[in-house]
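Read off the chains here:
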Amino acid sequence: MRLSKFAILMGLAASAWSGGARAAGDLLVAPTRVVLDGARGTEVILNNIDSVPATYRVSLELRRMDAQGNLDEITPENATPAEAQALNMITYAPRRVELAPNQPQSIRIGLRAPADLPDGEYRVHMLFRAIPDARPVTETEQVNNGLSIALTPIYGVTIPVIIRKGALKATAAIGDTRLVRTGDHVELAMSLAREGARSTFGRIRVLKPGKSEPAFEARGVAIYPEVTRRNISFPIDAATAAALAGPATIQYLEEPEAGGRMIAETQTVIK
Amino acid sequence: MNIRMMKAAVAGSVLALGLASGAAQAATADGTARATILTQVAVTNTSDLQFGTVAIGTGGGSVAVSTAGARTCATTLVCTGATTAANFNVSGATGMTVGISHPGSVTLTDGSGNNMTATIASSASSLVLAGSDSFRVGGSLNVGATQVAGAYAGTFTVTVNYQ
């Protein structure tokens, strides 16, 4: 049984990298979010889904959410005391792994919090990415009186690692839901307000009267404590836009595994 | 089966389930091992950002490759060869919202102290995953009027950010 499941993984991973012969570095990361609210640590799985061996580096970085929901990287010199504290509290290993194709590796994450740590939410972002092979410029690329250009992408994934201490509360509100049309392009836009000592995280759902299935749903939407309001917009197709227009209920819900609690709900007419 | 192999097998089954269902966390049982299905993400790079070959003509200028892969070549330059935008496929749980970040510009060097800069642009700054999602990265290369001929190399970083 176990063997057959392993075989399924091999099959799926094979289809994932059959798209092209490329420089090494394709990767799979699971889970995509980590919350530590006790002394216990956890594990994140990193898998090489490329067709060739690759070396991956795991690191921690600081990112701050802006009013548009972008996660901007912050250098350690510009860290707030709480951000610097977050970097110091997280332990993780290994930090550099060489993986054969389809070889998973678990990265252990631990928490070393000082006893007098003030209540609050602390956060870092864990970055997984491959270290590229030096790509030699071959002779065929040399051109007389010309330039040959090799730009190698270094690509990866970041996931938030969140530490919570104490009984932290937050509330949120949804406002200004509307359709924004720019030429042929339509976006569902809204503004999310947040108050309290912690972030909110969940799914945005739009329900239409008389329909049990949501007309629109987007998961994995966070509002982090550094912002009290964020604008969010989702590109949608014309059919979805037509279905959304008119009276609607908009909900912001926690993910089911976090309890599925309603964070915010509003009724509006989408125009 | 030693401990290490056992762990690998469990991780394998966890990922297999995650891939097959694309589901969020849930619990299941697998013989003696309890497994949790994890939300996962995979990022694959399927094409490079290629500017083709540039011959220096009457002066400097820029060579741009759009996120669709189309080239715009300054009249002062002679551009040949195939151009492509870099393409990245992102697969993860359906409906998840992810951000995409990259630097605004990068420096290329020929290893002998000669540099060029390129600006970098992405086709999307965020995606709501729908099953087969991708984004493309294009750029604009600034060739100096007295740019020394040679092979220039550089790197650019792209990250898919979960909230």
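Residues numbered from 1 in each chain as written. Chains lettered and ligands numbered in written order. Predicted model: local features only at pLDDT ≥ 70, side-chain atom pairs only at ≥ 80, totals over all residues. Heavy atoms only, no water.

1. Here we look at the nonpolar core
Residues and elements named next belong to chain A. In terms of nonpolar packing, the biggest core is built from 101 residues, with Leu-46, Ile-90 and Phe-128 touching the most fellow members. Broken down by element, the residue count for this core peaks at nine residues, all from strand E10 (residues 146-165). Among the domains, domain 1 (2-165) and domain 2 (170-270) are the pair contributing at least three residues each to this core. Dropping the residues within four chain positions of it, Ile-90 is found in contact with Leu-36, Leu-60, Ile-109, Gly-110, Leu-111, Val-124, Val-161 and Ile-163. (Core = buried A, V, L, I, M, F, W, Y, C linked by side-chain atoms within 4.5 Å. Buried < 20%, exposed > 50% of the residue type's maximum accessible area, 1.4 Å probe, protein only. Helix = DSSP H or I, 4+ residues; strand = E, 2+ residues; numbered from the N terminus. Domains from an automatic or database assignment. Contact = heavy atoms within 4.5 Å.)

2. Section: the layout of surface pockets
Empty space among the atoms becomes visible once a probe the size of a water molecule is rolled across them. Roughly 490 Å³ of internal volume is contained in the second largest pocket. Elements with a contribution of two residues or more to the lining of the second largest pocket: strand E5 (71-74), strand E11 (170-182), strand E12 (185-196) and strand E15 (229-236) of chain A together with strand E9 (97-101) and strand E12 (126-128) of chain B. No other element matches the six residues that E15 of chain A contributes to the lining of the second largest pocket. Lining the lining of the second largest pocket are residues from two domains, each supplying at least three of them: domain 1 (2-165) and domain 2 (170-270) of chain A. (1 Å grid on protein atoms, 1.4 Å probe; cavity = no way out; pocket = protein on both sides within 12 Å on 5 of 7 lines; lining within 4 Å. Points joined across faces, edges and corners; volume = space filled by probe spheres on them.)

3. Topic: the state of the cysteines
Residues and elements named next belong to chain B. Counting across every chain of the model gives one disulfide over all chains. Across the disulfide from Cys-73 sits Cys-79; the S-S distance is 2.0 Å. In this structure the cystine formed by Cys-73 and Cys-79 twists about its S-S bond by roughly 75°; its chirality is therefore right-handed. By relative accessible area, which is 30% here, Cys-73 ends up partly exposed. A residue is classified by how much of its surface remains accessible, and Cys-79, at 17% relative accessible area, is buried. (Disulfide = S-S within 2.5 Å.)

4. Re the environment of Leu-129 of chain B
Residues and elements named next belong to chain B. Structurally, the position occupied by Leu-129 is in the loop between E12 and strand E13 (133-143). Each C-alpha atom of the pair Leu-129 and Thr-53 lies 35 Å from the other, and the pair is 76 residues apart in sequence. Setting aside chain neighbours within four positions, we find Leu-129 in contact with Val-90, Ser-91, Gly-92, Ala-93, Thr-94, Gly-95, Met-96, Val-98 and Tyr-162.

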